[in-house]
Amino acid sequence: MEIRRSATELVIQTPAKLNLFFEVLAKRTDGFHEIESLMCPIDLYDTLYFRDEPGGKVQFRCRWMGATGPVGCGFDQVPDGPDNLVVRAVELARRKAGVQRGAHVLLVKRIPAAAGLGGGSSDAAAALVAANEVWQLGRSRDQLAQWAAELGSDVPFFLADGPAVCRGRGEQVMPLIGIGGLHFVLVRPPEGLGTAAVYRACRATAQPRSVEPFWEALKLGDLNKAGQRLRNALQPAAAKLSPWVKRLEQEFARLDLLGHAMSGSGTSYFGLCRHARHARRSARRLRASGVGTVFAVRSCR
Ligand code: ATP
């Protein structure tokens, strides 16, 4: 995430993520699934504006400013009140730190929702960082990551500021170094999926694959091999729930991509490209087939 400070306000650009590798290992007794995923932030951002409110109230507004209209990007499913993950994160920070501070918070959304892009989790992580800094709570990123895990499995990842392998239910984050800039074409089809429904429809893989061969290929900069090893174990379950997953798989198979897969619990679908020009060219072709909102993006910190 990128943080800008002014005398009155903190402004955070907080990114979406892609799951380049996603394995479901087992269902746990607490109802969560044990997973192993290599996640990577991309340069598609929401913006959080956070200002201290001396009156002690938390005031929250949320607005869509995506590249295309909100229809088909799931913005109608983003709560604009206490259920928004930003408000939940701010309230959690107040409770954990035992402070009665207030804030004016504006969330400008560009990351499509219910899409497997982690927008809500990213916003929650940004809100924790903002509250910690503006209210001078003095917590380290590791301490914030413990709070973050209470808000959602993917929230701690966004505090690591870079690609990472995530294990457990996703909250055990091992940051990775040595991954160069990666370019992708990305589509959010007109229909989204809820994470819980996809997990319900999913079975743990009988012979789970390890992230290591994929991670090795990335470290060596062997994009061809990395493309062949993209994997998402949730994809068959998501394909049972939304026809868009199969449709996108077919559309992406027609392009000369290094590999393609669904991100997270879907329905967003991405392809690994050779360079930025390749991503832009692939994006033009996908826009012409009317499959939803199309982005050419790259990995970021
Ligand atoms: P993940 O990849 O982490 O499973 P996702 O990308 O599929 O997440 P999100 O966009 O993060 O899904 O949001 C999931 C749900 O969380 C939304 O459908 C919405 O109801 C709720 N939500 C709460 N706060 C937010 C927020 N700030 N932005 C987006 N969704 C939010």
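Since this is a predicted model, take the numbers as computed values, not measurements. (Residues numbered from 1 in each chain as written. Predicted model: local features only at pLDDT ≥ 70, side-chain atom pairs only at ≥ 80, totals over all residues. Heavy atoms only, no water.)

## Some points on the pairing of strand β2 (residues 10-27)
Here is the key point about a regular strand: its side chains alternate between the two faces of the sheet.
Move 1: Counting buried positions along β2 yields 14 of 18 residues, so the element is predominantly enclosed.
Move 2: Where strand β1 (residues 2-5) and β2 come together, 4 bridges link them in antiparallel fashion. Residue pairing in the sheet places Ile3 in a bridge with Ile12 of β2.
Move 3: Counted along the chain from β1 to the antiparallel partner β2, the turn is 4 residues long. (Buried < 20%, exposed > 50% of the residue type's maximum accessible area, 1.4 Å probe, protein only. Helix = DSSP H or I, 4+ residues; strand = E, 2+ residues; numbered from the N terminus. Pairing = 2+ DSSP bridges.)

## Details of the sheet that holds strand β12 (residues 293-298)
Move 1: Ordered in space as β10-β11-β8-β12, the 4 strands form an open sheet in which the pairing is antiparallel. Only two strands of the sheet have a single neighbouring strand rather than two, namely β10 (259-262) and β12. Going from strand to strand, the sheet's axes swing by 20° on average, the running direction of each strand aside.
Move 2: Strand direction decides the pairing type here: strand β8 (residues 183-188) and β12, joined by 6 bridges, are antiparallel. Within β12, the position partnered with Phe184 by the bridge is Val297.
Move 3: Against the sheet, helix α9 (residues 243-253) touches β8, β10 and β11 (269-273), its axis set at about 20° to β11. (Axes fitted to C-alpha atoms, helices over the stretch in contact; angles between N-to-C directions. Contact = heavy atoms within 4.5 Å.)

## Focus on the site of the ligand
Move 1: Taken together, 22 residues lie near the ligand, and Gln77, Gly118, Gly120, Asp154 and Thr195 sit nearest.
Move 2: A distance of 3.1 Å separates a nitrogen atom of the ligand from a polar side-chain atom of Lys109.
Move 3: In the complex, 84% of the free accessible area of the ligand, which totals 620 Å², lies under the protein chains.
Move 4: Going through the elements one at a time, β5 (102-109) and α2 (119-134) are the ones with two or more residues in the shell around the ligand.
Move 5: Across the shell around the ligand, the residue classes break down as 8 nonpolar, 9 polar and 5 charged. (Near = heavy atom within 4 Å. Polar contact = N/O pair within 3.5 Å; in protein donor to acceptor, adjacent residues only side chain to side chain. Areas by Shrake-Rupley, 256 points an atom, 1.4 Å probe, with all protein chains shown as cover. Nonpolar A, V, L, I, M, F, W, Y, C, P; charged D, E, K, R; others polar.)

## Focus: the side chain of Arg188
Move 1: Inspection of the secondary structure puts Arg188 in strand β8.
Move 2: Among the polar contacts made by the side chain of Arg188, one reaches the main-chain carbonyl oxygen of Gly72 at a distance of 3.0 Å.
Move 3: Setting aside anything within four residues of it in sequence, one finds Arg188 in contact with Gly72, Cys73, Gly74, Pro112, Ala113, Ala114, Ala115, Ser268, Val291, Gly292 and Thr293.

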